[in-house]
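Survey of secondary and tertiary structure
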Amino acid sequence: MSSKRKLEIDDILKLYRFGEVDISVNGDVAFTVSRNELDKNKVLSEIHIIKRDGVHVYLVGEGDSNPKWSPSGKLIVFTSRRGAGERDKGVGLYVWSGIGDPRKIAWFEHGVIGYRWLNEETLVLANSVPDKELYDKDQDYVIIDKLPVWFDRRGLTGYLNYVIQLFEVESGHSKVLAEESSRVTTLEVCNGTGYYAI
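Numbers given for residues are sequential positions, taken from 1 along each chain in its written order. It should be noted that, the model being predicted, local features are given only for residues of pLDDT at least 70 and side-chain atom pairs only at 80 or more, the latter also being counted only at that level, while totals for whole chains, interfaces and linings use all residues. To obtain the side-chain values, all non-hydrogen atoms of the structure were included, while hydrogens and water were left out.

Focus on the packing of aromatic side chains
Pairing of aromatic side chains here covers Phe, Tyr and the six-membered ring of Trp, requires ring centres within 6.5 Å, and sorts the geometry by plane angle: under 30 degrees stacked, over 60 edge-to-face, intermediate tilted. Under the definition given, this model contains 3 aromatic pairs. In our convention, an over-ring charge means Lys NZ or Arg CZ found within 6 Å of a ring centre and within 35 degrees of that ring's normal. Of note, Arg 82 hangs over the ring of Tyr 94, and the distance from its end group to the ring centre comes to 6.0 Å.

Concerning the pattern of salt bridges
The term salt bridge refers to a side-chain nitrogen of Lys or Arg lying within 4 Å of a carboxyl oxygen of Asp or Glu. Enumeration over the complete set of coordinates arrives at 6 salt bridges. In this structure, Arg 82 engages Asp 64 in a salt bridge whose closest nitrogen and oxygen atoms are separated by 2.6 Å. In this pair, Arg 82 sits in the loop between strand E6 (76–80) and strand E7 (91–96) while Asp 64 sits in the loop between strand E4 (56–59) and strand E5 (65–69), placing the two residues 18 residues apart along the sequence. By relative accessible area, which is 22% here, Arg 82 ends up partly exposed. Residue exposure (1.4 Å probe, protein chains only): buried if accessible area is under 20% of the type maximum, exposed if over 50%, otherwise partly exposed. Asp 64 sits in the buried class, given a relative accessible area of 0%. Across the salt bridge formed by Arg 103 and Glu 170, the nearest N and O atoms sit 3.7 Å from each other. A residue pair is termed long-range when its members are at least 10 positions apart, and Arg 103 in strand E8 (residues 103–108) and Glu 170 in the loop between strand E13 (160–168) and strand E14 (174–180) qualify at 67 residues. Helix numbering and strand numbering both begin at the N terminus, where a helix is a DSSP run of H or I of at least 4 residues and a strand a DSSP run of E of at least 2.

Comments concerning the sheet that holds E5
With antiparallel pairing, 4 strands are arranged side by side in an open sheet as E5-E6-E7-E8. For this open sheet the edge positions go to E5 and E8, each flanked by a neighbour on one side alone. Between one strand axis and the next, the sheet turns by 20° as a mean value, whatever way the strands run. Bridge count for E7 against E8 is 5 bridges, and the pairing is antiparallel. Within E8, the position partnered with Val 95 by the bridge is Arg 103. Here, a strand pair is defined by DSSP locating no fewer than two bridges between the strands. Each axis is a line fitted through C-alpha atoms, and for a helix only the stretch in contact is used; angles between axes span 0 to 180 degrees, taken between their N-to-C directions.

Describing the confidence of the model for the protein chain
One number per residue, pLDDT, summarises how confident the predictor is, and it ranges from 0 to 100. Overall, the prediction assigns the protein chain a mean pLDDT of 85, with 85% of residues at 70 or greater. Taken element by element, the predicted model of the protein chain shows its lowest mean pLDDT in strand E11 (residues 150–152) (50) and its highest in E5 (96).

Digging into the sheet that holds E4
The 4 strands are arranged E1-E2-E3-E4 in an open sheet whose pairing can be described as antiparallel. Each of the sheet's edge strands pairs with one partner strand only, and the pair in question is strand E1 (17–23) and E4. Within this sheet the neighbouring strands show an average axis-to-axis angle of 25°, counted without direction. Taken together, the 5 bridges between E1 and strand E2 (residues 29–37) define a ladder with antiparallel strand orientation. Within the sheet, the bridge partner assigned to Gly 19 lies in E2 and is Thr 32.

A look at the nonpolar core
Grouping buried Ala, Val, Leu, Ile, Met, Phe, Trp, Tyr and Cys residues that are joined through side-chain atoms within 4.5 Å yields what is termed a nonpolar core. Among the nonpolar cores identified, the biggest contains 23 residues, and Ile 49 and Leu 93 are the most heavily contacted of them. Within the residue set of this core, elements represented by two or more residues are strand E3 (42–50), E6, E7, E8, strand E9 (112–117) and strand E10 (122–130). Broken down by element, this core gets its largest block of residues, 5 residues, from E7. Pairs of residues are marked as contacts when any of their non-hydrogen atoms sit within 4.5 Å. The residues contacting Leu 93, other than those within four sequence positions of it, are Val 77, Phe 78, Thr 79, Arg 103, Lys 104, Ile 105, Ala 106, Phe 108, Tyr 115, Leu 123, Leu 125 and Phe 167. Counting residues in hydrophobic clusters, the runner-up holds 8 residues, among them Leu 160, Tyr 162, Ile 164 and Val 184.

Here you go:
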């Protein structure tokens, strides 16, 4: 008779989590694998790419996640904290062609909510920005009389606005389309038009 061991919280924390799956037009699959590194008090994530021919490629940088294939399947864009220090706020947006190292195309100090390819050169992107009326120059709170207020890797958060913009991948230029005070929950592209919900 075999003895059964109870499932402990540490067992759950050691599990690998799969998510953020995106399939290219060529049939290549990209997804994020995350796991807790308990001794360092960190969540590590990496991007796995399985090519249609069976070749398995890894993108391993700090916080690599959210892979999205371009319409042609030749480029992949993702978020990462590659090269960021412990005190650095935000997340970078990177593009990779499958050759060499990924290239950082932008840094968003208050995070990226989501992004979708509009065409081979342009993304529709939603990111958060501080409400300028509530922050001083150092982006510390001027007014904190309402909740929610919490701290995450972006820094002290709450009272953020959400910007929808067109973002050119090659040049890094952007054009703001809208700014919302309510959180953007969904961002999609259909037939060359970007849609979002708050």
